[in-house]
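A closer look at the structure
Chain by chain, the residues run as shown.
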Amino acid sequence: MSPHTLMIVMASLLLGTSLTLFSNHWLLAWMGLEINTLAIIPMLTYPKHSRATESAIKYFLTQATASMVVMFAIILNAWMTNQWSLIQMFYQPASILMTLALAIKLGLAPFHFWVPEVTQGIPLLSGMTLLTWQKIAPTSLLYQMSPTLDMKILITLAILSTILGGWGGLSQTQLRKILAYSSIAHMGWSVIIILINPTFTLLNLLIYILTTLTLFLLLNLTSMTKMKAITNLWNKSTPLIIIIFLILLSLGGLPPLTGFTPKWLIIQELTSNNNITTAILMALSALLNLFFYMRIIYSSTLTIFPTSNNSKFHWFHPQSKTTNIIPFLTIISSFLLPLSPMYIILSP
């Protein structure tokens, strides 16, 4: 992709997200979502490949369907209440339709089937953008209309997402699919708490984006897309693979890493609001995610022990990819748990 095209695409992504974040009118927010969808299509189709084109078409059709439902919910709410403000989605059927449409855009279960397929067919950096940046605008809309959301629907979407996201990643060997199912599960954690304490939703989304961004940059640095490739990385860079395993455990929510922070706070908030059964189900479903992350570490370190066999050594090529931001992101996505008391004090 030429630098000029890339600049236009990135500027369009920034414009679409900013328009959704800072708008108070539903039509402007809808325009931001559409700009976001159209701007990322060139990224998904580059380099030109039949699988990338198929993934881009799947993504476009899914997002177009969700946008149609969003527009229908906007018009229905305006027809019944004569209100176009984001915080005034008072008509309950319109609010339910909007929740389901944004669930499609976020890839929440049972509307999650497009996420692994699209992520698997595109390059690593495009998948990074799809699983991080594209989650910001729909989550901001849910955040702004959170007082009008239905708790039963949110609980159903969240529990299905965490269970199916964890269960779907158990049998995967492709790292991009594993991260796609991880995205589904983490979006479930964001949705479950948005009605009770929206601040924790933003915290969970922020930590998820930082951790996933770090992991994708590390995988792109080493050009790894399969679990088998991690085994051979021991002979190339042992510190790098240790960092990758640390990020994976943080994504799984293992204490005392950063990824444990939002799960701990969300479970604590659910328990204090008498949602004990929901908190137990969410905690048990988190074990599924942690299990398939541990499976990657087990299959990469314990089943095939590093040896001096020459067949395992790869030719060392000069590294041309930038690594300046990776150490900073690694520290943030792994060692922020001591700051958790500050989050509790600052949260309303």
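Not measured: the values here are computed from a predicted model.

1. Some details on the overall build of the protein chain
- The helix and strand tally for the protein chain stands at 16 helices and zero strands.
- Expressed as a percentage of its 348 residues, the buried residues of the protein chain come to 54%.
- Contacts in the protein chain between residues far apart in sequence, at least 24 positions, make up 77% of those at least 6 positions apart.
- Split by element, the accessible area of the protein chain, about 15,800 Å² in all, is 72% carbon and sulfur.

2. With respect to the UniProt feature "transmembrane region" (unreviewed entry) in the protein chain
- In the numbering used here, UniProt assigns the feature "transmembrane region" (unreviewed entry) to residues 5-22, 59-80, 153-171, 178-196, 202-219, 240-260, 280-305 and 325-346.
- For residues 5-22, the helix share is 100%, the strand share is 0%, and the end-to-end C-alpha distance is 26 Å.
- Between the C-alpha atoms that bound residues 153-171 there is a distance of 28 Å. The span itself is 84% helix and 0% strand.

3. Notes on a nonpolar patch on the surface
- Together, L38, I57, F60 and L61 make up a nonpolar patch on the protein surface, roughly 390 Å² of accessible area in all.
- Broken down by element, the residue count for the nonpolar patch peaks at three residues, all from helix 3 (residues 50-81).
- Overall, the relative accessible area of 51% leaves L61 in the exposed class.

4. Remarks on the packing of helix 13 (residues 260-272) against helix 14 (residues 276-301)
- Remark: helix 13 packs on helix 14, axes separated minimally by 8 Å, with the N-to-C direction vectors making an angle of 160°. One finds that helix 13 runs roughly antiparallel with respect to helix 14. Regarding helix 13 and helix 14, the two cross each other, and that crossing is left-handed. Residues K263, I267, L270 and T271 of helix 13 form the contact with helix 14, whose participating residues are I276, T278, A279, M282, A283 and A286.
- In the contact of helix 13 with helix 14, the residues fall into seven nonpolar, two polar and one charged.

5. Some details on the side chain of N275
- Tracing the chain through its elements places N275 in the loop between helix 13 and helix 14.
- In this structure N275 touches M151, I196 and L270, once residues within four positions along its chain are discounted.

6. Notes on the environment of L27
- Along the polypeptide, L27 turns up in helix 2 (residues 26-44).
- A residue is classified by how much of its surface remains accessible, and L27, at 32% relative accessible area, is partly exposed.
- Sequence separation of L27 and W84 is 57 residues, and the distance between their C-alpha atoms is 7.9 Å.
- In this structure L27 touches M71 and W84, once residues within four positions along its chain are discounted.

7. Focus: unusual backbone geometry
- Put simply, Y46 and P47 share a cis peptide bond, and its omega is 0°.
- For P47, the location among the structural elements is in the loop between helix 2 and helix 3.
- At the junction of A109 and P110, the peptide bond is cis and its omega measures out at 5° in the coordinates.
- Mapped onto the elements, P110 comes out in the loop between helix 4 (92-106) and helix 5 (114-120).
- Backbone geometry places N82, a non-glycine residue, at a positive phi of 60°.

8. With respect to the environment of A78
- As for its position among the elements, A78 is in helix 3.
- Overall, the relative accessible area of 11% leaves A78 in the buried class.
- Linking A78 and M89, residues eleven residues apart in sequence, is a C-alpha distance of 8.6 Å.
- Those residues within four positions of A78 in sequence are excluded, and the remaining contacts are Q83 and W84.

9. With respect to helix 7 (residues 136-144)
- Of all the nine residues making up helix 7, seven are buried; the element is thus mostly covered by neighbouring parts of the structure.
- Those residues of helix 7 that fall on the buried side of the exposure criterion are I136, A137, P138, T139, S140, L141 and L142.
- On its buried face, helix 7 is in contact with helix 1 (3-22), helix 2, helix 4, helix 9 (175-192) and helix 10 (198-222).

10. Considering helix 1
- Given a rise of 1.5 Å per residue, 20 residues ought to cover 28 Å, and the 28 Å separating the end C-alpha atoms of helix 1 matches this to within 8%.
- All buried positions along helix 1 are accounted for by V9, L13, G16, T17 and T20. Within helix 1, the buried residues cover an arc of 90° as seen down the axis, which keeps them to one side. Across helix 1 from its buried face, at more than 90 degrees, point the exposed residues P3, H4, M7, I8, L15 and F22.
- Each element contacted by the buried residues of helix 1 is listed here: helix 2, helix 6 (124-131) and helix 7.

How each quantity is defined
- All chains use their own residue numbering, which begins from 1 and follows the written sequence.
- Totals for whole chains, interfaces and linings use every residue, but because this is a predicted model, local features are given only for residues with pLDDT of at least 70 and side-chain atom pairs only at 80 or more, for both listing and counting.
- Based on all heavy atoms of the structure, the side-chain values leave hydrogens and waters out of the count.
- Helix and strand definitions here come from DSSP, where helices need a minimum of 4 consecutive H or I residues and strands a minimum of 2 consecutive E residues; each element is numbered from the N-terminal end.
- For the exposure calls, accessible area comes from a 1.4 Å probe over protein chains only, and a residue counts as buried if that area is under 20% of its type's maximum, exposed if over 50%, partly exposed in between.
- Should any heavy atoms of two residues lie within 4.5 Å, those residues are considered in contact.
- Working definition of accessibility: Shrake-Rupley area with a 1.4 Å probe, residue cover restricted to the visible protein chains.
- UniProt positions are given in the numbering used here, feature names are shortened, and annotations may be inferred rather than shown by experiment.
- In this scheme, patches are assembled from residues that exceed 30% relative accessible area and form no salt bridge. Like charges are connected within 9 Å, while nonpolar side chains (Val, Leu, Ile, Met, Phe, Trp, Tyr) are connected within 5 Å.
- For this document, the term salt bridge refers to a Lys or Arg side-chain nitrogen within 4 Å of an Asp or Glu carboxyl oxygen.
- Comment: axis = line fitted to C-alpha atoms, over the contacting stretch for helices; angle = value between 0 and 180 degrees taken between N-to-C directions.
- Small angles under 35 degrees read as roughly parallel and large ones over 145 as roughly antiparallel, with 65 to 115 read as roughly perpendicular and the rest as oblique.
- Less than a right angle of anticlockwise turn of the near helix away from the far helix marks a crossing as left-handed, whereas a clockwise turn marks it as right-handed.
- Gly is put with the polar residues, along with every residue not named as nonpolar or charged; the nonpolar set is Ala, Val, Leu, Ile, Met, Phe, Trp, Tyr, Cys and Pro, and the charged set is Asp, Glu, Lys and Arg.
- An expected span of 1.5 Å times one less than the residue number is assigned to each helix.
- This arc is built from the directions going out from the helix axis to the C-beta atoms.

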